[in-house]
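Fold and geometry: a report
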Amino acid sequence: MKLGVVVVCLLAALGCTKSSDAPPRAARGTERGDCRPAVDKGGLGTCDPGLLCLSNLCVRPPPADCQKVADHVASIELGNYAEPEARAPVVTKLKAACEKAFVSKEQGDCVEKATDKWAAMQCAPTMFPEMKSTNDGMCGQVMARVKALIEKQMGPSADANATKMVGSMMEVMRQSCEQDGWPDELKKCIVQSSDDDAMAACNSQMPPAIQQKIADRMQKAMMESMPQTPPMPTP
């Protein structure tokens, strides 16, 4: 009987030792830790940047190939004919931004399909913090509304050239909205537009000076996107 008591005590001791030696649970919201409670009932829990909440556990998704992501975004910014010495620092900066933002493979695949920087930012917002603040403001809402109406008009059968042209136009409009001082009433009008006719009615609120700036920006963008003829070899 005494032996049985000793065995029970030993087993209990071993059990306590095993429990105390177990690694502590990661902090809530960190990798391998429980998700933080969702703000809205029924919503997904939240985790630190770069982590996803799956089954109430914060996990890190497969990372993107940041080199490919950086190369693609650099081509959007500089075109395909930029000199290597001009392209290299841009690629380096974009790759670092991709890694810092913990861009996932899914986000990276989305970025690599983007035809303009605005679309790329929609795929991985944390990679483009300088654009995210604009996206959260009125200009971001303007661009989202214009893009939605254009895509609805074009339909799903739009060819690659048309999609690329729309991407270039959206980038020009975004820059103009941010830098050329669009009136607040104009921006509100566009955001509230429900169809093409309503959008067209907003044009009357566009000052002629800004219309000219948009035209100048569009012409510059078209010139930069045109293939450059390589210099003739010296005989």
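Shown above is the structure to which this text applies.
Here's a quick rundown of the structure. Everything numeric in this text was worked out from a predicted model, so none of it was measured. (Residues numbered from 1 in each chain as written. Predicted model: local features only at pLDDT ≥ 70, side-chain atom pairs only at ≥ 80, totals over all residues. Heavy atoms only, no water.)

1. Concerning the state of the cysteines
Note the cut-off: The disulfide definition used here is simple: a pair of cysteine sulfur atoms within 2.5 Å. Helix and strand assignments come from DSSP, with helices taken as H or I runs of at least 4 residues and strands as E runs of at least 2, each series counted from the N terminus. Categorising residues by exposure relies on relative accessible area from a 1.4 Å probe, with only protein chains included: less than 20% of the type maximum marks a residue as buried, more than 50% marks it as exposed, and the intermediate range marks it as partly exposed.
Here the structure, examined in full by the defined rule, presents six disulfides. Two residues, cysteine 139 and cysteine 177, share a disulfide whose sulfurs are 2.1 Å apart. Taking the sign of the torsion about the S-S bond as the criterion, the disulfide between cysteine 139 and cysteine 177, at about -90°, is left-handed. Here cysteine 139, found in helix H7 (residues 138-154), pairs with cysteine 177, found in helix H8 (residues 160-179); they are 38 residues apart in sequence, far enough to count as distant. The same class applies to cysteine 139 as to cysteine 177, namely buried.

2. Brief notes about unusual backbone geometry
The backbone phi angle of serine 55 is positive, close to 55°, even though this residue is not glycine. Relative to the elements of secondary structure, serine 55 occurs in the loop between strand E1 (52-54) and strand E2 (57-59). One non-glycine residue, asparagine 56, adopts positive backbone phi at about 60°. Mapped onto the elements, asparagine 56 comes out in the loop between E1 and E2. Here asparagine 56 falls in the partly exposed class, since its relative accessible area comes to 46%.

3. What to know about the nonpolar core
For the record, the criterion: For the purposes of this section, nonpolar cores are sets of buried Ala, Val, Leu, Ile, Met, Phe, Trp, Tyr and Cys residues that join through side-chain atoms within 4.5 Å. Any two residues whose heavy atoms approach within 4.5 Å are treated as being in contact.
Counting 42 residues, the largest nonpolar core has Met127, Met143, Val146, Trp182 and Ile190 as the members making the most contacts within it. Per element, the largest residue contribution to this core is six residues, and it comes from H7. Beyond its immediate sequence surroundings of up to four residues, valine 146 is in contact with Met170, Met173, Ile190 and Met199. The next biggest cluster of nonpolar side chains, apart from the first, holds five residues, and it includes Cys35, Cys47, Cys53 and Cys58.

4. Let's talk about the packing of aromatic side chains
For any pair of aromatic rings, geometry is given as the distance between the ring centres together with the angle between the planes. Using the following cut-off: Side-chain rings of Phe, Tyr and Trp, where Trp is taken by its six-membered ring, are said to pair if the distance between their centres is within 6.5 Å; with planes under 30 degrees apart they count as stacked, over 60 as edge-to-face, and otherwise as tilted. Any Lys NZ or Arg CZ found within 6 Å of a ring centre and within 35 degrees of that ring's normal is scored as a charge over the ring.
Enumeration according to the criterion identifies zero aromatic pairs in this entry. Positioned above the aromatic ring of phenylalanine 102 is the side chain of arginine 60, whose terminal nitrogen or guanidinium carbon lies 4.7 Å from the ring centre.

5. Some details on H7
Structurally, the α-helix is built with 3.6 residues per turn, so residues lying three or four positions apart point the same way. Put simply, the rule reads: An expected span of 1.5 Å times one less than the residue number is assigned to each helix.
The end-to-end C-alpha distance of H7, which contains 17 residues, comes to 24 Å, matching closely the 24 Å that a straight helix rising 1.5 Å per residue would cover. All of the buried residues along H7 are Cys139, Gly140, Val142, Met143, Val146, Leu149 and Ile150. Positive phi shows up at glycine 155, right after H7, with a value of about 80°.

6. Overview of the pattern of salt bridges
Applied cut-off: The term salt bridge refers to a pairing of a side-chain nitrogen on Lys or Arg with a carboxyl oxygen on Asp or Glu at a separation within 4 Å.
Evaluated as defined, the whole model comprises eight salt bridges. Overlapping salt bridges, with partners in common, bring together Glu171, Arg174 and Glu178 in one network.

7. So, the side chain of lysine 187
Residue position: lysine 187 is located in helix H9 (residues 184-191). A relative accessible area of 11% means that lysine 187 is categorised as buried. The residues touching lysine 187, leaving out its near neighbours within four places in the chain, are Met138, Cys139, Val142, Cys177 and Trp182.

8. Some remarks on the packing of H7 against H8
Operational definition: Lines are fitted to the C-alpha atoms to define the axes, a helix being fitted only along its stretch in contact, and any angle between axes, read from their N-to-C directions, falls within 0 to 180 degrees. When describing relative orientation, an angle under 35 degrees is termed roughly parallel and one over 145 degrees roughly antiparallel, while 65 to 115 degrees is termed roughly perpendicular and anything else oblique. Each crossing gets its handedness from the near helix: less than a right angle anticlockwise from the far helix is left-handed, clockwise is right-handed. Throughout this entry, Asp, Glu, Lys and Arg are counted as charged residues, while Ala, Val, Leu, Ile, Met, Phe, Trp, Tyr, Cys and Pro are counted as nonpolar. The remaining residues, Gly among them, count as polar.
It is the contact of H7 with H8, at a shortest axis distance of 10 Å, that shows an interaxial angle of 160°. As the angle between them shows, H7 and H8 are arranged roughly antiparallel. With respect to the hand of their crossing, H7 and H8 are arranged in right-handed fashion. Within the contact between the two elements, H7 uses Cys139, Met143, Val146, Lys147, Ile150 and Met154 and H8 uses Ala162, Thr163, Val166, Met169, Met170, Met173, Arg174, Cys177 and Glu178. Within the contact of H7 with H8, the residues separate by chemical class into 11 nonpolar, one polar and three charged.

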